[in-house]
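Fold and geometry: a report
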Amino acid sequence: MDANPLQDKVFESVAELFSLLSTPIRLKIISAVCHGEKNVSELLGEIETTQPNMSQHLSTLYRSGVLAKRREGTQIYYRLQSERTAALCRAVCTQVAIELDPGAELEVKERLMPATAR
């Protein structure tokens, strides 16, 4: 079987992105800044976690290029840098929310989640 270097690179890149998004708090952060920038205090008001934990996840998302930041005095404001990542998160989270709805009737081929996860 011939190896496809481009396909391998695509799969590696997607796996890195999925790994980055595999933590619920990071998904919450992305959701929180989707419609505008927020500082750490505002994010802590919306997302239940400690300040050190929030800072660690913000740093990871910033280093990966998902978030951008700017300083204003002593405050650091974070905003979405990667709209594609946000669109992916919205699509997957919306699909999963539909699947978790007991009244949702989706064909098996349209589901992202295995039946056992519901």
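What counts and what doesn't
Residues numbered from 1 in each chain as written. Predicted model: local features only at pLDDT ≥ 70, side-chain atom pairs only at ≥ 80, totals over all residues. Heavy atoms only, no water. pLDDT = per-residue confidence, 0-100. Helix = DSSP H or I, 4+ residues; strand = E, 2+ residues; numbered from the N terminus. Pairing = 2+ DSSP bridges. Expected span 1.5 Å × (residues − 1). Polar contact = N/O pair within 3.5 Å; in protein donor to acceptor, adjacent residues only side chain to side chain.

**Quick word on the confidence of the model for the chain**
Overall, the prediction assigns the chain a mean pLDDT of 87, with 88% of residues at 70 or greater. When pLDDT is averaged over each element of the chain, strand E1 (residues 38-39) comes out on top at 97 and helix H5 (residues 83-100) at the bottom at 84.

**Some words on the sheet that holds E1**
Read from one edge to the other, the open sheet built from 3 strands follows the order E1-E3-E2, with strand pairing classed as antiparallel. Here the strands that pair on one side only, and so sit at the sheet edges, are E1 and strand E2 (67-72). As defined by bridge partners, E2 adjoins strand E3 (residues 75-80) across 6 bridges and the pair is classed as antiparallel. The residue of E3 that forms the bridge with Arg70 is Tyr77.

**Quick notes on helix H1 (residues 5-20)**
A rise of 1.5 Å per residue sets the reference length of H1, with its 16 residues, at 22 Å; its end C-alpha atoms lie 23 Å apart and thus fit the reference within 8%. Regarding H1, its N-cap is Asn4, as a side-chain oxygen of that residue lies 3.1 Å from the backbone nitrogen of Leu6 further along.

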